[in-house]
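An overview of the molecular structure
Here are the chains, one letter per residue:
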Amino acid sequence: MKKLNLIFLGPPGAGKGTVAKDVVERYGVPHISTGDMLRDAVSAGSELGKKVQSVMESGQLVSDELLFNLVKDRLSKNDCTNGFILDGFPRNVNQAEDLDKILKELELSLTAVIFLDVSEDEVVKRISNRRVCPKCSRVYNLISLKPKKDTQCDDDGTPLIQREDDKAETVRKRYQIYIDKTSPLIRLYRDRNQIITIDASGTVDKVDEIVFNTLEELRQD
Ligand code: ADP
Ligand code: AMP
């Protein structure tokens, strides 16, 4: 059976993290979200966190060099030998080339790139209603994935917050950066015959179903 060495590609707010969590539950592969890793560094007040905080809050991309080291260290860990989901990396052509180098060095190969295709209007709607638990990082949505109690985390009761970079003025900017820097990766991986496009405009259950079916087929290949 094939390993699931995957990239989840798509605009911010497409639902990459949401689907990834469900895939992790089913297949036990680690979810490597560079956004989560960087936010953890900011919360911890580490050297890395101090370096990236203002860049992240403004919606810009953190330097490729920092990402290279972060991803290389993470993919070197033992739990990645049985599969992984990269979410939020690579985010530009240079990072895709960096990933090629990292995978080669670690003797890993990519199984597929899952592209979650959603319109700009839908991602803006999803992001503006996204709320997160500052304690456990669980992600909710005020419309589609509501917490049981108004604005509290179901798991630990912590009041939910809106990410600084999810505020309306930053969201459009992040989408434009996605179009300019990240969307060329669709072509790059299409040319390599590695991309699978998923219609991610439906409900979470619908998107999960399409992704699970796709991953089953990949595993059997
Ligand atoms: P990404 O990781 O791609 O930035 P998230 O997984 O955080 O996106 O999802 C963005 C927001 O949209 C979250 O509030 C999430 O709860 C919600 N969401 C995710 N998938 C769907 C979906 N299929 N339909 C509606 N809302 C969704
Ligand atoms: P995300 O959680 O994927 O939406 O990422 C949140 C923010 O983290 C981005 O807007 C960037 O500032 C930063 N970030 C995450 N991944 C990367 C990456 N691969 N390259 C550069 N910056 C990144």
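The sections below set out a description of the structure shown in this document. (Residues numbered from 1 in each chain as written. Chains lettered and ligands numbered in written order. Predicted model: local features only at pLDDT ≥ 70, side-chain atom pairs only at ≥ 80, totals over all residues. Heavy atoms only, no water.)

1. Points about helix 2 (residues 34-44)
- Residues of helix 2 that are buried: Thr34, Gly35, Leu38 and Ala41. One side of helix 2 carries all its buried residues, which in axial view fall inside an arc of 125°. Facing away from the buried side of helix 2 by more than 90 degrees, the exposed set consists of Ser43 and Ala44.
- Next to the buried residues of helix 2 lie strand 2 (31-33), helix 3 (47-57), helix 4 (64-75) and strand 3 (84-87).
- Positioned one or two residues after helix 2, glycine 45 has a phi angle of 70°, which is positive. (Buried < 20%, exposed > 50% of the residue type's maximum accessible area, 1.4 Å probe, protein only. Helix = DSSP H or I, 4+ residues; strand = E, 2+ residues; numbered from the N terminus. Arc of directions from axis to C-beta. Contact = heavy atoms within 4.5 Å.)

2. Some points on the site of ligand 1
- As a structural note, the neighbourhood of ligand 1 is formed by 19 residues, with Thr18, Arg130, Tyr140, Ser144 and Gly202 the closest of them.
- Within the contact set of ligand 1, an oxygen atom lies 2.8 Å away from a backbone nitrogen or oxygen of glycine 13.
- The side chain of threonine 18 places a nitrogen or oxygen atom 2.5 Å from an oxygen atom of ligand 1.
- Burial of ligand 1 by the protein amounts to 92% of the accessible area it has alone, namely 560 Å².
- Of all the elements in the fold, those that place two or more residues in the shell around ligand 1 are helix 1 (16-27), strand 6 (139-141) and helix 9 (204-220).
- Split into classes, the residues belonging to the shell around ligand 1 amount to eight nonpolar, eight polar and three charged. (Near = heavy atom within 4 Å. Polar contact = N/O pair within 3.5 Å; in protein donor to acceptor, adjacent residues only side chain to side chain. Areas by Shrake-Rupley, 256 points an atom, 1.4 Å probe, with all protein chains shown as cover. Nonpolar A, V, L, I, M, F, W, Y, C, P; charged D, E, K, R; others polar.)

3. Thoughts on the pairing of strand 4 (residues 112-117)
- Burial analysis of strand 4 places five of its six residues in the buried class, which makes it a mostly covered element.
- Bridge analysis of strand 1 (residues 5-9) against strand 4 gives four bridges, and the strand direction is parallel. Opposite leucine 9, over in strand 4, you have phenylalanine 115 as the bridge partner. (Pairing = 2+ DSSP bridges.)

4. Overview of the nonpolar core
- Core analysis: the largest hydrophobic core is formed by 53 residues, its most contacted members being Phe8, Val23, Leu75, Tyr189, Val211 and Leu215.
- Apart from residues lying up to four places away in sequence, valine 211 is in contact with Phe8, Val19, Val23, Leu116 and Ile198. (Core = buried A, V, L, I, M, F, W, Y, C linked by side-chain atoms within 4.5 Å.)

5. Re the site of ligand 2
- The environment of ligand 2 is formed by 16 residues, the closest being Thr34, Arg39, Gln60, Gly88 and Gln95.
- Side-chain polar atom of threonine 34 to a nitrogen atom of ligand 2: 2.8 Å apart, as the coordinates give it.
- At a separation of 2.9 Å, an oxygen atom of ligand 2 approaches a polar side-chain atom of arginine 39.
- In isolation ligand 2 offers 480 Å² of accessible surface; the protein chains occlude 96% of this area.
- Residue contributions to the shell around ligand 2 peak at four residues, all from helix 2.

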